[in-house]
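Architecture at a glance
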Number of protein chains: 4
Amino acid sequence: MSFWNDLWPGHRGIDWYSSKLKKRLFDAGKPDLAELCRMMMDSDGDFSSLIIAEQILASYAKLGQEGKLEFFKMLAEDYDLDPEVVIALASDYAKNPDIHTFKALTEAAEPNRQELFRRCNLTSDGTRHLVRMREDLLGFLDAHPQLESLDIDFHHLFTSWFNRGFLVLQPVNWTSPAHILEKIIAYEAVHEIKSWDELRRRLDPVDRYCYALFHPVMEDEPLVFVEVALTSEMPGQIHEILDQDRTPLLPKQATHAVFYSISNCHRGLSGVSFGNFLIKQVASSLKSSFPSLQSFATLSPAPGFRAWMAKQPDIPYSESGQSYNGSQKDLLEQAARYFLEAKLPNGKPLDSVARFHLRNGARLERLNVAADCSPKAMEQSLGLMANYVYDLGKVEENHEDYMKNHRVICSAQIRKLLPS
Amino acid sequence: MSFWNDLWPGHRGIDWYSSKLKKRLFDAGKPDLAELCRMMMDSDGDFSSLIIAEQILASYAKLGQEGKLEFFKMLAEDYDLDPEVVIALASDYAKNPDIHTFKALTEAAEPNRQELFRRCNLTSDGTRHLVRMREDLLGFLDAHPQLESLDIDFHHLFTSWFNRGFLVLQPVNWTSPAHILEKIIAYEAVHEIKSWDELRRRLDPVDRYCYALFHPVMEDEPLVFVEVALTSEMPGQIHEILDQDRTPLLPKQATHAVFYSISNCHRGLSGVSFGNFLIKQVASSLKSSFPSLQSFATLSPAPGFRAWMAKQPDIPYSESGQSYNGSQKDLLEQAARYFLEAKLPNGKPLDSVARFHLRNGARLERLNVAADCSPKAMEQSLGLMANYVYDLGKVEENHEDYMKNHRVICSAQIRKLLPS
Amino acid sequence: MSFWNDLWPGHRGIDWYSSKLKKRLFDAGKPDLAELCRMMMDSDGDFSSLIIAEQILASYAKLGQEGKLEFFKMLAEDYDLDPEVVIALASDYAKNPDIHTFKALTEAAEPNRQELFRRCNLTSDGTRHLVRMREDLLGFLDAHPQLESLDIDFHHLFTSWFNRGFLVLQPVNWTSPAHILEKIIAYEAVHEIKSWDELRRRLDPVDRYCYALFHPVMEDEPLVFVEVALTSEMPGQIHEILDQDRTPLLPKQATHAVFYSISNCHRGLSGVSFGNFLIKQVASSLKSSFPSLQSFATLSPAPGFRAWMAKQPDIPYSESGQSYNGSQKDLLEQAARYFLEAKLPNGKPLDSVARFHLRNGARLERLNVAADCSPKAMEQSLGLMANYVYDLGKVEENHEDYMKNHRVICSAQIRKLLPS
Amino acid sequence: MSFWNDLWPGHRGIDWYSSKLKKRLFDAGKPDLAELCRMMMDSDGDFSSLIIAEQILASYAKLGQEGKLEFFKMLAEDYDLDPEVVIALASDYAKNPDIHTFKALTEAAEPNRQELFRRCNLTSDGTRHLVRMREDLLGFLDAHPQLESLDIDFHHLFTSWFNRGFLVLQPVNWTSPAHILEKIIAYEAVHEIKSWDELRRRLDPVDRYCYALFHPVMEDEPLVFVEVALTSEMPGQIHEILDQDRTPLLPKQATHAVFYSISNCHRGLSGVSFGNFLIKQVASSLKSSFPSLQSFATLSPAPGFRAWMAKQPDIPYSESGQSYNGSQKDLLEQAARYFLEAKLPNGKPLDSVARFHLRNGARLERLNVAADCSPKAMEQSLGLMANYVYDLGKVEENHEDYMKNHRVICSAQIRKLLPS
């Protein structure tokens, strides 16, 4: 049903041709993954590379954890750059900056595995496999820091392939294909979607929207999506949004657009940021569809609050440590301290969600206690939620202020929560 | 009408937002291109980068030849890699291969302009502009060889962006959109299409097909396309194909699929090869649609033949040098020598079309005199055309034989044309 | 995402225009339905008719049962044909068959309400409303037989509007839009679909298909759909099909296509038959996609079997009458008698499903006891199911035989079940 | 590329099935058209009807003029209604209005050929063939008035099938498929489109639009289309619109939308009016896209002006009668008399274009001399063109005034042209 039909390999036409080729390439016995990688580097980017790529990806997919680790180690060791060669060529280039030396130098300074990955990407499904491969790799990094250079190469390639100019923003709604919608259910990371009925309540009412970014080669895989509620005021409780018995608001009566859930779908794409563009673009689109909108805000979790609280002295927890026994006023004061004063060693805020929105140029607007009483939210944040406001006329300034000075842009009402 | 709608920046939604941003970024006066590039490198990949990218591309588009040359020189000089830094970092890495040094080294070994180009590609139309930019650059290379390293960077990026896994094969026919079809007319490089009526004769009859490769971010720009005729024998004259009074053949009676025209559409993508995949994929698709097809062949020009002939001794040209006066038999002998014996310094065949098809694994099958009597063809090849056959079961072997040994795979009948 | 976009009235563009018109038409006070119908007949098919049509349909939709009955009675009485006028004009026409008399006669012989309905159909959503209106009407017919002529008019119009040439066959699968899929769940009339997971099991596996007929003006409303299972033998139990733990069959290994559920979606379209075309077309399409298919059969309920059994003498029911206590052999004999000998007064088989498939030209092939043990099936048919075979080479002959002679075409094995 | 794919008969799947059926139906020798029609009436709406319908339409398509006439005469005589039967049934119904009599009466009062046509419409391409059939019929009516009743039946069916609720408004532009665009060229009835370049000038610039109505079953056949120019004032000369060197106007600067060409595409649909809805809907859509638009007007030909002038006394024609020698002022006075005073016997204006726009509720706004100097326009109207204005707030009132009183709504400036 799309412009992009499926005439392409992996599909019918090419089958018999590739089966011949496969026979020829692999008739001496089934090569292992290391051998396949060597064959790939010897091939020349033609159809045989394509066939080898399919084999590499299929072989990899069958590996267990140990096999994967071994594979990554091989890539880290055997497909790294050789600093001696780089030094020699760079010295030549310094003396005589001719084109051949330039070419040789840039090639030598790029680990071979980048070319290996690019060739694996010849298959129509290659990108998807490589994204999953990096997801696996990320799981090994803590225990095997020597694999980090591999991750840098992945990140470098993905940044180029998932360049924002290649991405497409799509509304997701109740007329979207079911195989896309089931991924929305699966990837929702903030407020779990428990059934198709609940999904429908988030997508179908006239005051509910969802937008996702897609990449053309993974057209049935959202990369990141945001769920939006149109409201008549800035909500202080997630229940106001998710309540299944509420009456929808007519869009022309809406004054607020609330981004109440943002989910990245693929861990393998971490560090390749899309969410920033997504929010600003959706805000702009909504504004042009519904001129009555005055404010673009979030209702966001505070995932590190409880853990931080646990380390503060003199917090009146219940004996079991399971619940907070103090006043709401005190809790708000603690929350303000958490957002404004709790920092990472690099000086950025401790709260990861705060870092995301502040980096995007949003302003921390309001703190809400008893805003999300689900077990998960109580566990993470004692029920606290924050509103961030995207004032489109100021996000760039805020962003720069934050980037340079790590300044937490926030409203006066939050600042007042702190004892002077 | 496509899956990919146009909710994206450059479009309505984002307009007022970017106009505010523009004002802020550029209110100190209009920066020149060099200044814009500096601003871009200082920006951080956020919306401001997007706005600067638009300015860079728009400013570039307004430059004359001299301005463009100057711009390229600036990129070649100011955005090159610094070999001293590379040496220092590579030495560090040799001693202590830690992740920070690795990262610093790979970044230092990549000319800054690659990042500059990647950021220009943030705009939805960036890729298209960059392809045109390289087209401009290629025009300067002969006179300014110091720009070649710049071209290597472009080629490196385009190879990654136009990875075959990202490309989509599409049939082009009389139900295709007019703005695509007019590009087929414009880009046809072999047998000129003089009118829409002629275009229709090439696309609409049941025995005529056309396929093109597209990239999702340039969805109205074919990258390369091939025109195919279904026939009952291997044609020896282009007139048999293009004759406007012929009766179409029913596809189920066809035994031959003839690729009679292959056109690359963008000089800016030269060296990023697609044609090879295109022909094999189209052949496989046709075979599965029309099982009666027995042979996949081309009817191809021999663009260097006449120039080569002009340098041979004892060729019976007319006094004016305008026409060949010898026998057809002699002409065929000369043609066989041209294809089998005339070589470039690197050992590859002199004829560029032969190099393309032989590299793809095709076999030179038959030579045809008086095969194309258009003025252009007489001028280039004295009317000679060649049939190359794609035997899908053998193309990979042939390809490798050619790549290793520069061997011209050809039929016995051609070999016999040479005096023993 | 469809070719058919929504530029049409009812949509944005026309809003302010129609609101002016509405004001003008209805400013003298809100007319009742009878008055609206009179206004409609006085209007001239222009935009004012469109506005009135919207009012009529909206007013109707708000009526309760009584109001609807009254409305139908009004249509039956006030918008009927006048036989005296018909007699007069037909007499004129007999004497002098001129064109004006012809026109007057055909108009007079058509009840006015047909024109009224056609004008209501001017709105883009009119057809859907009228189909629902007839659904309401059908509910009144038993108690109010004088409304039957009204039903004949509806049927006459719908037969013309839902002409098979206007219908479109569409595959329905897991990539179909959710708002279509939820209608498949809602309309499934044979084997209830209890959840989205179950729906997925019926649509997504490689050996499961679903096809529906749509009408362009009701493009999100399937009219009738059939669910198909590819199998390696003719199934005797619905459990073989619906089992959620089964392993899918590769389509190229399939020899049987089993139509295990056929559902008409709109009672308001009863008598406008589509199912016949649907089955034959789907069978032909599957055959051309999967040449290995040898047999097209159903696994169908026998909805009247238990009721018929209850009236037979000497059937060994349990004391409570809730279950059958006899042997399977006896049950099969009774079933054979039910299908072959139990008849309606008009000579057609008593079983409604049998009438449908036999009329389509299918052959009654096999009877299966304990084939569906769901409570509903036990209640209706004591668990009995029948296989009907569509032998495409014979369906037309069978159809004619059945239509002329009411002959139940059946296999020898069924005939043998009867005592000779 | 559309939602509506082509799984349907006439297509692959059904081929082998229908060929069997064909053999069976027609094996006794090829029936003639009369026999085919009898077979059709005996068939029962099943697949055999479909096959017979294909035969009828194919046989008809091969007929010459004489054969067609004979066919129409047969339909007029043998498939008419029988007034005696109608009288008998109407008398029964008058006495005893039961449902069976009602049904029999309405069936008897409808000529059989209506059912014949409905069955021909079972084929997916039937509607298109029937529209062409009526086009043929219209050519015979003058000489054979006894066929008029046949035409009334066609009109009756087409009005139901081409009900406005079934039609779809589509923009036509330079991204539309070529096979649609070539029909725009072919059907343009007012200002000939001489080449694809000219077509592009009418569709592609930002101040040019074209909209067409389509019916789903003839999705590659526009029914009627209108070409629109956005301008900054009401144009007085067609040259201002069609000039190929003009600079396009930015839409946001446009104040006028000018409908400068409206073409009905199928003579076979005459009397089934669409143009009225088209103009109002396009006007409303444009208004909502471009709020700066203040006025919706036409620049229209006056096709009967010269013929009328030729009959007036004392008009200063050149001796050859080929050109008008009077003053522009006199010409305008004559033109005003033509529009305001020249009438058909039924009291409506003589000018056919005036009748169309006045019936739609437009106002005759301005007369322009030397407005179209093409030979055709000089021949028809001495170069005169008229502007009609569609004031959406008044069109309904105007329409009713015109329908009731045949009043020519016109501007004061035109009325002043008449001598008082």
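Each remark here, short or long, concerns the structure printed above.
Residues numbered from 1 in each chain as written. Chains lettered and ligands numbered in written order. Predicted model: local features only at pLDDT ≥ 70, side-chain atom pairs only at ≥ 80, totals over all residues. Heavy atoms only, no water.

Remarks on the overall build of chain A
For chain A, the helix and strand inventory stands at 19 helices and eight strands. With respect to the principal axes defined by its C-alpha atoms, chain A has extents near 75 × 50 × 45 Å. Evaluated residue by residue, chain A yields a buried proportion of 57% over its 420 residues. A fraction of 71% describes how many contacts in chain A between residues 6 or more apart in sequence connect residues 24 or more apart. (Helix = DSSP H or I, 4+ residues; strand = E, 2+ residues; numbered from the N terminus. Buried < 20%, exposed > 50% of the residue type's maximum accessible area, 1.4 Å probe, protein only. Contact = heavy atoms within 4.5 Å.)

Re the relation of the copies chain D and chain C
Superposition of chain D onto chain C requires a rotation of 180° combined with a translation of 0.0 Å along the rotation axis, giving an RMSD of 0.0 Å. Interpreted geometrically, this transformation is the action of a two-fold axis. Mapped onto chain C, 100% of the interface residues of chain D are again interface residues, and the two copies thus contact each other with one and the same surface. (Least-squares fit on C-alpha atoms with pLDDT ≥ 70 in both.)

Details of the pairing of strand β8 (residues 385–389) of chain C
Residues and elements named next belong to chain C. Of all five residues in β8, five are buried, a share of seventy percent or more. The alternating pattern of β8 places M385, N387 and V389 on one face and A386 and Y388 on the opposite face, and all of these are buried. Sheet analysis places strand β6 (residues 300–301) next to β8, joined by two bridges and oriented antiparallel. Residue pairing for β8: S300 is matched across the bridge by A386. By the bridge criterion, five bridges tie strand β7 (residues 363–368) to β8 in an arrangement that is antiparallel. Pairing of L364 across the sheet is with Y388, part of β8. (Pairing = 2+ DSSP bridges.)

Quick look at the side chain of H266 of chain D
One can find H266 of chain D in the loop between β4 (256–264) and α13 (275–289). Reaching out from H266 of chain D, the side chain makes a polar contact with the side chain of E221 of chain D at a distance of 3.2 Å. (Polar contact = N/O pair within 3.5 Å; in protein donor to acceptor, adjacent residues only side chain to side chain.)

What about the interface of chain A and chain B?
Of the residues lining the interface, 85 residues belong to chain A; the matching set on chain B comes to 85 residues. Counting each side, the surface lost to burial between chain A and chain B is near 7,800 Å², with a carbon and sulfur contribution of 64%. Counting every contact that joins chain A to chain B gives zero salt bridges. At the junction of chain A with chain B, the criterion picks out eleven residue pairs in polar contact (both at pLDDT 80 or more). (Buried area = accessible area lost by both parts, 1.4 Å probe. Salt bridge = Lys/Arg side-chain N within 4 Å of Asp/Glu carboxyl O.)

A closer look at the relation of the copies chain A and chain B
Take chain A, turn it by 180°, move it 0.0 Å along the axis, and it overlays chain B with an RMSD of 0.1 Å. Counting the interface residues of chain A, we find that 100% of their copies in chain B are interface residues as well, pointing to one common contact surface.

Regarding the interface of chain D and chain C
On the chain C side, the residues contacting the 85 residues of chain D number 85 residues. Roughly 7,800 Å² is buried in total at the junction of chain D and chain C, and carbon and sulfur atoms are behind 64% of that figure. Remark: the boundary between chain D and chain C carries zero salt bridges. Among the residues making up the side of chain D that touches chain C, the classes are represented as 40 nonpolar, 25 polar and 20 charged. (Nonpolar A, V, L, I, M, F, W, Y, C, P; charged D, E, K, R; others polar.)

A few points about the packing of helix α2 (residues 33–42) of chain B against helix α3 (residues 47–62) of chain B
All names here are of chain B. The geometry of α2 relative to α3 is characterised by a closest axis approach of 10 Å and an angle of 155° between their N-to-C directions. Taken together, the axes of α2 and α3 lie roughly antiparallel to each other. Regarding α2 and α3, the two cross each other, and that crossing is left-handed. Of α3, the residues touching α2 (which contributes L33, L36, C37, M39 and M40) are S49, I52, A53, Q55, I56, S59 and Y60. Each residue belonging to the contact of α2 with α3 can be placed in one class, and the counts come to nine nonpolar, three polar and no charged. (Axes fitted to C-alpha atoms, helices over the stretch in contact; angles between N-to-C directions. Parallel < 35°, antiparallel > 145°, perpendicular 65-115°, else oblique. Left-handed = near helix turned anticlockwise from the far one by under 90°.)

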